[in-house]
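# Results of the structural survey
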Amino acid sequence: MYRYLKRFFDVSISFILIILLLPILILISILLRFSEEGEVLYLQRRLGHHNKYFHIYKFATMLKNSENIGTGTITLRNDFRVTKFGKILRKTKLNELPQLFNIFIGDISFVGPRPLLKKTFDNYPDYIKKRIYLSKPGLTGIGSIFFRDEELMLSSINNESPQNYYKRVIAPYKGKLELWYLENCSFLIDFKLILLTAFVVLFPKIKLNSNLFKNLPEASES
């Protein structure tokens, strides 16, 4: 029952938001069309439900071919590949708005584990890779919220590469958080995660307490 009602919520709310936000979507599209790169949408192949691939939609915020430049699939704070307008979109999370269409057509849900690139997904331990996408991926989720400042974390590493730190520290704990969601998902948890997402977007520097949710796994040692 939860799964069907969740899908009804996703379809109805995403449709309403697309209609309400259409002027903003059009305005951003026009500004991007006449900005540095001239690209409006960025389509990227991600892993989704039951580890099947789909294309996620985002507003373009980085230089063309950015995955083959600099740190590749890892984005750092003040990354030179991010365009001037892209910085605004990323900071305000407006670059994520096209994913409302992904939600509407059923690629993702509002809440769930974040859909990843295959290269990033492979950083997870095998036991996590086998289970994480038994739940449909989400626009937001417990891992996305607790690692909302991942770019800053990776930019602060001095003694090892961002790629190694992600694989050694971030991926294992983020994966445990996503498995916690899989085991505890409910309408109440989803509602709390949506409210918490809005809260951290408005107050990005606020420090979150793991006691917000029951039985969250302990953070990995860095």
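Below, the structure is looked at part by part. (Residues numbered from 1 in each chain as written. Predicted model: local features only at pLDDT ≥ 70, side-chain atom pairs only at ≥ 80, totals over all residues. Heavy atoms only, no water.)

### Quick word on the packing of aromatic side chains
Where two aromatic rings form a pair, the distance of their centres and the angle of their planes describe that pair. Under the counting rule described, the total for this entry stands at eight aromatic pairs. Geometrically, the ring pair formed by Tyr2 and Phe187 is edge-to-face, given 5.0 Å between the ring centres and 70° between the ring planes. A residue pair is termed long-range when its members are at least 10 positions apart, and Tyr2 in helix H1 (residues 2-33) and Phe187 in helix H9 (residues 187-202) qualify at 185 residues. Put simply, the rings of Phe121, Tyr124 and Tyr133 pair up and form one aromatic cluster. Above the ring of Tyr4, the side-chain terminus of Arg3 is found at 4.8 Å from the ring centroid. (Phe/Tyr/Trp six-rings, centres within 6.5 Å; stacked < 30°, edge-to-face > 60°. Helix = DSSP H or I, 4+ residues; strand = E, 2+ residues; numbered from the N terminus. Lys NZ or Arg CZ within 6 Å of the ring centre and 35° of its normal.)

### Brief notes about unusual backbone geometry
Phi is positive for His50, which is not a glycine, with a value near 55°. Examined against the element boundaries, His50 turns out to sit in the loop between strand S1 (41-47) and strand S2 (53-59). We classify His50 as partly exposed; its relative accessible area is 48%. For Lys93, which is not glycine, the phi torsion reads 70° and is therefore positive. (Buried < 20%, exposed > 50% of the residue type's maximum accessible area, 1.4 Å probe, protein only.)

### Section: helix H2 (residues 84-92)
When H2 is considered as a whole, its buried residues turn out to be Phe85, Gly86 and Leu89. The buried side chains of H2 occupy one side of the element, clustering within an arc of 100° when seen end-on. Exposed side of H2, more than 90 degrees from the buried face: Lys84 and Lys91 are the residues found there. Where the residues of H2 are buried, they touch H1 and S2. One or two steps after H2, the chain reaches Lys93, where phi turns positive at roughly 70°. (Arc of directions from axis to C-beta. Contact = heavy atoms within 4.5 Å.)

### Re H1
Between its first and last C-alpha, H1 extends only 40 Å over 32 residues, short of the 46 Å set by a 1.5 Å rise per residue. Residue Leu21 marks the point of greatest curvature in H1, where the axis turns by about 60°; the proline Pro23 follows within four residues. The set of residues buried in H1 consists of Lys6, Asp10, Ser14, Ile18, Leu25, Ile28 and Leu32. Residues of H1 that are buried in the fold lie against S2, H2, helix H3 (99-105), strand S3 (109-111), helix H8 (162-184) and H9. (Expected span 1.5 Å × (residues − 1). Bend = angle between axes of the 7 residues up to and from the residue.)

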